[in-house]
Amino acid sequence: MYIDLRYRSTERLEEVARIAEKLGYRIIGVEGLDKVQVLNGITFIPRRTSSDISELVKIKRNVLRAYLIRSPEDLKSYPRLRKLAVIVSLSRTAFHALTLKHVERLAVLGLPVEVAIRDVYEAVRERRYLRGLDYLVSAARSGRLELVACSGASKNIELLHPKIIISTLIELGLDEVTALKAVTSAPAKVARGLGYGIK
């Protein structure tokens, strides 16, 4: 069962469900969704993403609460993250801004770290040096942190086939087993932690 925890729009979810079903997804996390919806066999779960720790405090417990890291400055809230967020999401600017020290801090935090593959593609197009992403992949490969991967789509046509996500992760240096877990068991664990029953 494939899972994509970050779809960035609440529009036309019926069409998203149709495409997601063809791609093999069962669960999609939707930014800004108010409550769980099941359409065409796809479970859409509510999600909120913020780099403001005070915003996460206000969000209901069954909502996927993601803390967005754009720069090392966003790690200053590190001590409170474990209680308020269920996942840490990296922006494409973080891919080159984070150092080994920052990635090690994320590993100690113990929350899954999410990478949107479309953000990786955009960072490559911008010819950014993906130093932070290299460190992140190395930490995931060694088992020091859990990696979650998603399409990072804003439109239904931007949803990536899970095999493309897996292939991209392997190309970045991840082993095949860990790359597969990033779109299956790792996001499933996040969803189960929010109280969503997953078989």
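Anything mentioned here points back to the structure above.
Residues numbered from 1 in each chain as written. Predicted model: local features only at pLDDT ≥ 70, side-chain atom pairs only at ≥ 80, totals over all residues. Heavy atoms only, no water.

(A) Looking closely at the overall build of the protein chain. Each helix and strand in the protein chain was counted, giving 10 helices and 8 strands. Rg of the C-alpha trace for the protein chain: 15 Å, near the compact-globule value of 16 Å for 199 residues, within the 12% margin. Here the C-alpha coordinates of the protein chain stretch approximately 45 × 35 × 30 Å along the principal axes. A fraction of 58% describes how many contacts in the protein chain between residues 6 or more apart in sequence connect residues 24 or more apart. Total accessible area on the protein chain is roughly 9,600 Å²; 49% of this is exposed by carbon and sulfur atoms. Taking the average location of the 34 positive side-chain charges in the protein chain and that of its 22 negative ones, the two points are 4 Å from each other. (Helix = DSSP H or I, 4+ residues; strand = E, 2+ residues; numbered from the N terminus. Rg over C-alpha atoms; globule rule 2.2 N^0.38 Å. Contact = heavy atoms within 4.5 Å. Areas by Shrake-Rupley, 256 points an atom, 1.4 Å probe, with all protein chains shown as cover. Lys, Arg positive; Asp, Glu negative; His and termini not counted. Charge placed at Lys NZ, Arg CZ, Asp CG, Glu CD.)

(B) Summary view of the environment of Thr43. Structurally, the position occupied by Thr43 is in strand β4 (residues 42-50). The partly exposed category is assigned to Thr43, whose relative accessible area is 22%. Expressed as a C-alpha distance, the spacing of Thr43 and Ala17, which sit 26 residues apart in the sequence, is 8.5 Å. Filtering out sequence-adjacent residues up to four positions away, Thr43 remains in contact with Arg26, Ile27, Ile28, Val36, Gln37 and Val38. (Buried < 20%, exposed > 50% of the residue type's maximum accessible area, 1.4 Å probe, protein only.)

(C) Layout of helix α7 (residues 131-141). When α7 is considered as a whole, its buried residues turn out to be Gly132, Leu133, Leu136, Val137, Ala139 and Ala140. Buried residues in α7, looked at end-on, bunch into an arc of 160 degrees, giving them a common side. Looking at the residues trailing α7, positive phi occurs at Gly143, about 85 degrees. (Arc of directions from axis to C-beta.)

(D) Summary view of unusual backbone geometry. Its identity as a non-glycine residue notwithstanding, Arg12 has a phi of 50 degrees, on the positive side. Relative to the helices and strands, Arg12 is located in the loop between β1 (2-7) and α1 (13-23). Of note, the phi angle at Asn40 is positive, near 55 degrees, even though the residue is not glycine. Relative to the helices and strands, Asn40 is located in the loop between β3 (37-39) and β4. Looking at Asn40, the relative accessible area reads 48%, which means it is partly exposed.

(E) Examining the pairing of strand β5 (residues 64-69) more closely. Of all 6 residues that make up β5, 6 are buried, and the element is covered over most of its length. Going residue by residue along β5, you find Leu64, Ala66 and Leu68 tucked away on one face and Arg65, Tyr67 and Ile69 tucked away on the opposite face as well. Relative to strand β6 (residues 87-90), β5 is paired through 4 bridges, and the arrangement is parallel. Its bridge partner lying in β6, Ala66 is registered against Ile87. (Pairing = 2+ DSSP bridges.)

(F) Spatial organisation of the pattern of salt bridges. Taken as a whole and assessed by the stated rule, the structure comprises 11 salt bridges. Note that Asp119 is salt-bridged to Arg8, the shortest N-O span being 3.0 Å. Taken together, the residues Asp119 in helix α6 (residues 117-125) and Arg8 in the loop between β1 and α1 connect sequence positions 111 residues apart. Classification of Asp119 by relative accessible area gives buried; the value is 10%. Of the residues examined, Arg8 reaches a relative accessible area of 29% and is grouped as partly exposed. Its salt-bridge partner being Lys189, residue Glu146 comes within 3.8 Å of it at the nearest N-O pair. Note that Glu146 is positioned in the loop between α7 and β8 (147-150) and Lys189 in helix α10 (residues 185-193), a separation of 43 residues in sequence. Several salt bridges converge on common partners, so that one network encompasses Arg6, Glu31, Arg47 and Glu114. (Salt bridge = Lys/Arg side-chain N within 4 Å of Asp/Glu carboxyl O.)

(G) Region of the structure containing the nonpolar core. Grouped together as the largest cluster of nonpolar side chains are 58 residues, with contacts concentrated most on Phe44, Ile69, Leu90, Leu106, Leu136 and Leu169. Of all hydrophobic cores here, the second largest spans 14 residues; its members include Val86, Ile87, Val148 and Val190. (Core = buried A, V, L, I, M, F, W, Y, C linked by side-chain atoms within 4.5 Å.)

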